[in-house]
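Residue strings, one per chain:
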Amino acid sequence: MSHHWAGVKRERECSACSGPFYLIERNLPVSLKSMLLEAERQAAIMSMLPVGFGDTLKAHMERKGFTQETLAEAVGMDPRTIQRMISGKQASFRNVIAISLAMGLSYIEAEDLLKKAGLLLLPTNKEHLLFMQMLQVGGFSDLEIVNAELSELGVQRLGGGGI
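An account of the accompanying structure is given in this report. Keep in mind the model is a prediction, meaning the values are calculated, not measured.

The rules we used
Residues numbered from 1 in each chain as written. Predicted model: local features only at pLDDT ≥ 70, side-chain atom pairs only at ≥ 80, totals over all residues. Heavy atoms only, no water. Helix = DSSP H or I, 4+ residues; strand = E, 2+ residues; numbered from the N terminus. Buried < 20%, exposed > 50% of the residue type's maximum accessible area, 1.4 Å probe, protein only. Contact = heavy atoms within 4.5 Å. Core = buried A, V, L, I, M, F, W, Y, C linked by side-chain atoms within 4.5 Å. Phe/Tyr/Trp six-rings, centres within 6.5 Å; stacked < 30°, edge-to-face > 60°. Axes fitted to C-alpha atoms, helices over the stretch in contact; angles between N-to-C directions. Parallel < 35°, antiparallel > 145°, perpendicular 65-115°, else oblique. Nonpolar A, V, L, I, M, F, W, Y, C, P; charged D, E, K, R; others polar.

## Quick look at the overall build of the protein chain
Summing up its helical and strand segments, the protein chain has eight helices and three strands in all. The order of α-helices and β-strands along the protein chain, N terminus first, is β-β-β-α-α-α-α-α-α-α-α. Going through the 163 residues of the protein chain one by one, you find that 38% of them count as buried. Pairs at least 24 apart in sequence give 60% of the contacts found in the protein chain among residues at least 6 apart.

Dropping the structure here:
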C-alpha cells in the first residue's frame, strides 16, 4: 500500500531496512535566491509570533485555519486538551510534535513552539531525531497513518493523549 504526504511518497517495502521506504520529492535545483525568499517568509512569520506557548499555538492555528475542534480531531485529542494548552497549561512533548505535524508547521516553527512549551528536541534521542527529520521533510500531517507506522516500528504514538 502506498501512502502519500505532500512531498513524500511511501514507495514499497524495503527488505534491507525491514519496512517501507519513502521517496522525498524535492524541487531541485534550488537557487540561493529562492532559499533567501523562503528565509524572508519564515522570518516574517516568526517575527509576528507571540512570546508565550498558548498564544503562539493559537496564532499558528489561526494562520493555518484550524479551530480547537478541527485541530483536536486531527491529532486525536479532546478539544478541551487544546483549550487547556492555549490557556497556558503544560503540554507534552509528543502532543506538541503531533500538533506541529498536523498543522504542517515548518521545523523552525515547531522548534519554536516546543521551546515556548519548555521542551527541547534532543539530538541524542533517536525518536527526537526521527521527529526532527519528519518536521524537516514535512508532509506528515495524517497522524492516523503516521501512528500506524510508528507502532510498526515500536515507537509510541503521537497525540491522542492528555496534555
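Having put the structure on the table, let's press on.
## Quick notes on the nonpolar core
Ranked by internal contacts, the top residues of the largest apolar core, which has 37 residues, are L57, L71, V75, I82, I97 and I99. Mapped onto this core, the elements with two or more residues apiece are α2 (53-64), α3 (68-75), α4 (79-86), α5 (93-103), α6 (107-116), α7 (126-137) and α8 (143-152). The element contributing the most residues to this core is α5, with eight residues. Not counting residues up to four positions away in its chain, the partners in contact with I97 are L114, L121, F131, L135 and L158.

## Some details on the environment of S141
Looking at where S141 falls in the secondary structure, it is placed in the loop between α7 and α8. Counting along the chain gives 40 residues from S141 to L101, while the straight-line C-alpha distance between them is 5.0 Å.

## Looking at the packing of aromatic side chains
Evaluation of the coordinates by the stated rule reveals one aromatic pair. Taking the centre distance of 6.2 Å and the plane angle of 45° together, the rings of F93 and F131 count as tilted. Separated by 38 residues along the polypeptide, F93 in helix α5 and F131 in helix α7 bring together distant segments of the chain.

## Let's talk about α5
The buried fraction of α5 is high, at 11 of 11 residues. Regarding α5, the residues found buried are F93, R94, N95, V96, I97, A98, I99, S100, L101, A102 and M103. Considering only its buried residues, α5 is in contact with α2, α3, α4, α6, α7 and α8. Two residues or fewer past α5, G104 is found with a positive phi of approximately 70°.

## Observations concerning the packing of α2 against α4
Relative to each other, α2 and α4 sit at 125°, their axes nearing to 7 Å. Taken together, the axes of α2 and α4 lie oblique to each other. Between α2 and α4, the contacting residues are F53, G54, D55, L57, K58 and M61 on the first element and I82, M85 and I86 on the second. Classifying every residue of the contact of α2 with α4 gives six nonpolar, one polar and two charged.

Keep in mind that these numbers describe shape and distance, not what the molecule does.
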